[in-house]
Amino acid sequence: MANDALTVAVLGPGGIGGLLAALLSRAGHQVTCLAGDDTAAHLRTHGVSVRSEQFGEFTAPVDADTELRAPVDAVLIAVKHTTLDAALARIPTAALGDALLVPFLNGVEHPAALRERHRPDRVAPAVIRAESTRVAPGVIEHGSPFAEIDLAGDEVPRPRLDALADALSKAGPTTRVLPDETAALWAKMAFLAPFALLTTRHALPLGEVRTRHREDLTALVEETAAVSRACGVPADPARALARYDAFPPATKSSMQRDAEAGRPLELDAIGGALLRAADRHGVPAPVTARLVGELRDAGY
């Protein structure tokens, strides 16, 4: 193994976690996937197979276990917010040591929760832009023609961030280290919240939402931008709308896909967190509140 190779644990080898595990393994890093008994056994035997226009078709070997048993350089947390508490049982505090905890979660509240159980200067929130789906255990389809990561961590020593960013970039995803984690998280939140709430509420792809429900989309974009600004992060509503308009019309949000599959939604991590931030800063968010309420009334 190369001298600059890392030991990495991936908590949740699904669409994003599986893609990162396979890419890092192929690049020569020692990767252990943490999952349930059946998935772990499958991954130990078969590795992780990726089908990607950007990265090719390949299968990479990985170690796999039901929990972390030895120290690693980094733990990539790639589970949904709805399963985070249960998943964290797979990384006992005693086993974490000096590891970086790198959550790839939606929302803005999870870094504080992770810092309550691990060293604050070892929690490095990340944002990934990629469409990647686990179609079967250990089988990943990366559908987007891009995979980009923003890595942050206001209290994390910069050399630790740079080493991980370098490893990720060389493995495949374009990775940059940002100096302000709040800005990194809110940049995604401000884009994700209107997209997720509206596509899920109306069970429509983005193309129909941005035409049939343009008024609500515009209002949501303005509300999330206002909350973002109140949190100290500049936001441009016009630019956000232009991004929505540029996306393929059939695009669906991950929350919408979860709703279609009958899975729990990250409604509280996205809509709830947005409303809590709005309340803290005294920012009106009536359209957000209405949509979150309607989704909750629908049983989500």
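The structure we're discussing is the one just above.
First, a word on scope: everything that follows refers to the structure included in this document. (Residues numbered from 1 in each chain as written. Predicted model: local features only at pLDDT ≥ 70, side-chain atom pairs only at ≥ 80, totals over all residues. Heavy atoms only, no water.)

### Section: the pattern of salt bridges
- Counted according to the given criterion, the structure contains 26 salt bridges.
- Put simply, Arg115 and Glu181 hold a salt bridge, and the shortest N to O gap is 2.8 Å. In this pair, Arg115 sits in helix α5 (residues 110-115) while Glu181 sits in helix α7 (residues 181-202), placing the two residues 66 residues apart along the sequence.
- On the accessibility criterion, Arg115 (18% relative accessible area) is buried.
- Taken together, the salt bridges that share partners define one network made up of Asp98, Arg119, Asp121, Arg122 and Arg160. (Salt bridge = Lys/Arg side-chain N within 4 Å of Asp/Glu carboxyl O. Helix = DSSP H or I, 4+ residues; strand = E, 2+ residues; numbered from the N terminus. Buried < 20%, exposed > 50% of the residue type's maximum accessible area, 1.4 Å probe, protein only.)

### Thoughts on helix α6 (residues 158-171)
- Over its 14 residues, α6 extends 20 Å from the first C-alpha to the last, a length consistent with the 20 Å expected when each residue adds 1.5 Å.
- Along α6, the residues classified as buried are Leu161, Leu164, Ala165, Ala167, Leu168 and Ala171. The buried residues of α6 all sit within an arc of 160° when viewed along its axis, so they share a single face. Opposite the buried face of α6, at more than 90 degrees from it, the exposed residues are Pro159 and Lys170.
- Residues of α6 that are buried sit in contact with α1 (15-26), β6 (74-77), β7 (100-103), β11 (148-151) and β12 (174-177).
- Where α6 ends, the next residue or the one after it, Gly172, has phi of about 155°, a positive value. (Expected span 1.5 Å × (residues − 1). Arc of directions from axis to C-beta. Contact = heavy atoms within 4.5 Å.)

### Topic: the sheet that holds strand β3 (residues 48-52)
- Strand order in the open sheet formed by 4 strands is β4-β3-β10-β9, and the pairing between neighbours is mixed. Of all strands in the sheet, those with a lone pairing partner are β4 (56-60) and β9 (132-136), marking the two edges. Here the average twist between neighbouring strands, direction ignored, is 20°.
- As paired elements, β3 and β4 share 5 bridges and run antiparallel to each other. Considered in β4, the bridge of Ser49 is made with Thr59.
- Packed on one face of the sheet, α1 meets β3, β4, β9 and β10 (139-142) and runs near 80° to β4. (Pairing = 2+ DSSP bridges. Axes fitted to C-alpha atoms, helices over the stretch in contact; angles between N-to-C directions.)

### Topic: the nonpolar core
- Counting residues in hydrophobic clusters, the biggest one holds 41 residues, and the most contacted among them are Leu20, Cys33, Leu76, Val102, Phe104, Leu151 and Leu164.
- Among the elements that make up this core, the one with the highest residue count is α1 (7 residues).
- Apart from residues no more than four positions distant in its own chain, Val102 is found in contact with Val75, Leu76, Ile77, Ala124, Ala126, Leu151 and Leu164. (Core = buried A, V, L, I, M, F, W, Y, C linked by side-chain atoms within 4.5 Å.)

### Details of the packing of α7 against helix α12 (residues 267-281)
- Close contact between α7 and α12 brings their axes to 10 Å; oriented N to C, the two are set at 115°. Judged by the inter-axis angle, α7 sits roughly perpendicular to α12. The two elements α7 and α12 cross, and the hand of that crossing is left-handed. Residues Trp186, Met189, Leu192, Ala193 and Leu197 of α7 form the contact with α12, whose participating residues are Leu267, Ala269, Ile270, Gly271, Ala273, Leu274 and Ala277.
- Looking at the contact of α7 with α12, its residues break down into 11 nonpolar, 1 polar and no charged. (Parallel < 35°, antiparallel > 145°, perpendicular 65-115°, else oblique. Left-handed = near helix turned anticlockwise from the far one by under 90°. Nonpolar A, V, L, I, M, F, W, Y, C, P; charged D, E, K, R; others polar.)

### Description of the layout of surface pockets
- Counted as a void, the second largest pocket has a volume near 190 Å³.
- Looking at the second largest pocket, the residues that line it are Val108, Glu109, Pro111, Ala112, Glu181, Thr182, Leu185, Trp186, Cys231 and Arg280.
- Listed by contribution, the elements that provide at least two residues to the lining of the second largest pocket are α5 and α7.
- Examining the composition of the lining of the second largest pocket, we find that 4 residues originate from one element, α7, more than from any other. (1 Å grid on protein atoms, 1.4 Å probe; cavity = no way out; pocket = protein on both sides within 12 Å on 5 of 7 lines; lining within 4 Å. Points joined across faces, edges and corners; volume = space filled by probe spheres on them.)

### A few points about the packing of helix α9 (residues 214-230) against α12
- Two numbers describe how α9 lies on α12: the axes approach to 9 Å, and their chain directions differ by 55°. Accordingly, the angle class assigned to the pair α9 and α12 is oblique. Judged by the twist between their axes, the crossing of α9 over α12 is left-handed. Residues Thr224, Val227 and Ala230 of α9 pack against Leu274, Ala277, Ala278 and His281 of α12.
- A per-class count over the contact of α9 with α12 returns 5 nonpolar, 2 polar and no charged.

### Remarks on the pairing of β6
- Across the two faces of β6 the burial is the same, with Ala74 and Leu76 and Val75 and Ile77 all buried.
- Pairing of β6 with β7 involves 4 bridges; the strand directions are parallel. From the neighbouring strand, Ala74 faces β7, where its bridge partner is Leu100.

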